[in-house]
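Close look at the chain arrangement
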Amino acid sequence: MSHTIKFSVHRNPMKDADGKDTFQVRHETNYTAMKADFMEHIKQHHSMRPEVMDMALAVLEDEIREFLLDNKRLHIEGLGTFFLRIGLKPVVDDDGNAQKPRITDPAAINGHDVCIESVGFTPDKAFLSHLGQAVGFENVSGRGIVGHSAIYDEQGVRSRLEAYLNDHDYITCSLMQQEFGLTYYMARKWLVSFSAGPKAFLRRSKLGSSIIFQRR
């Protein structure tokens, strides 16, 4: 089966040593498929019953967690390697925003200062090779056209955020990027702006490894 990977072209924020613009490509996804989509796809394309896959996923989740918490990386041949990403716990500044701590004395760091930030995954070369078979690429923005964030004023962004949060419990930078047609940089810039200061209408918190933004 042949697949077409969609991409768009974007200008890098910094010019090169000669003062010229340089460019990069980004994957343009259709949407984020959820577990229900995954199960329906299995039902349509495989003989394994979805309930069996559901149990297999639960076992896989438990086992990955056990190996990682036992200070091990877990390599599943043909797929890739899972590993923990740890870091220093963020501190809250005077405006209520989480910031990376600035520590100048290594002796001041103890176990209470450390947290699990996320889980990393490095795919096997065989998995990447399999992904790359029979794949084409399409520039969905058009040849020579440079993508950019949709342009909104502050009130326009706030109105769209409030409408979105009427139907959803929270929003993330990635979700805002997809829903509003923004770059990740601009989505994060708006969310940080609306969650900072005494008049902030959003509050920032952590859900698993994700930073989420909710109404205050």
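The structure this text deals with has already been given above.
The notes below deal with the structure included here. (Residues numbered from 1 in each chain as written. Predicted model: local features only at pLDDT ≥ 70, side-chain atom pairs only at ≥ 80, totals over all residues. Heavy atoms only, no water.)

This part takes up the overall build of the protein chain. When helices and strands are counted, the protein chain shows six helices and eleven strands. In terms of its C-alpha atoms, the protein chain occupies a principal-axis envelope of roughly 55 × 50 × 45 Å. In the protein chain, which comprises 216 residues, the proportion classed as buried is 20%. At a minimum sequence separation of 6, the contacts of the protein chain that also span at least 24 residues come to 51%. Carbon and sulfur atoms form 54% of the exposed surface of the protein chain, whose accessible area is close to 15900 Å². (Helix = DSSP H or I, 4+ residues; strand = E, 2+ residues; numbered from the N terminus. Buried < 20%, exposed > 50% of the residue type's maximum accessible area, 1.4 Å probe, protein only. Contact = heavy atoms within 4.5 Å. Areas by Shrake-Rupley, 256 points an atom, 1.4 Å probe, with all protein chains shown as cover.)

Grouped together as the largest cluster of nonpolar side chains are 16 residues, with contacts concentrated most on L161, I171, M176, L191, F194 and L202. Residue assignment for this core shows that the elements contributing at least two residues are α4 (154-167), α5 (173-180) and α6 (184-194). With sequence-adjacent residues up to four places away left out, F194 is seen in contact with E154, V157, R158, L161, A200, F201 and L202. (Core = buried A, V, L, I, M, F, W, Y, C linked by side-chain atoms within 4.5 Å.)

If you trace the backbone, I212 turns up in strand β11 (residues 210-215). Expressed as a C-alpha distance, the spacing of I212 and V157, which sit 55 residues apart in the sequence, is 17 Å. Not counting residues up to four positions away in its chain, the partners in contact with I212 are Y170, I171, T172, R203, R204, S205 and L207.

This next bit is on α5. Looking only at α5, the buried set comprises C173, M176 and F180. Mapping the buried residues of α5 onto a view down its axis gives an arc of 60°, with all of them on the same face. Against α4, α6 and β11 lie the buried residues of α5. Downstream of α5 by one or two residues, G181 has phi in the positive range, about 70°. (Arc of directions from axis to C-beta.)

This part covers the sheet that holds strand β3 (residues 74-76). Pairing is antiparallel in the open sheet, where three strands are placed in the order β3-β4-β7. Among the strands making up the open sheet, the edge pair consists of β3 and β7 (114-123). The mean inter-strand angle of the sheet, taken between neighbouring strand axes irrespective of direction, is 25°. In the sheet, strand β4 (residues 80-88) pairs with β7 via nine bridges, with the strands oriented antiparallel. In the strand pairing of β7, F83 is matched with G120. Where helix α2 (residues 50-69) meets the sheet, it contacts β3, β4 and β7, and its direction lies at approximately 55° from that of β4. (Pairing = 2+ DSSP bridges. Axes fitted to C-alpha atoms, helices over the stretch in contact; angles between N-to-C directions.)

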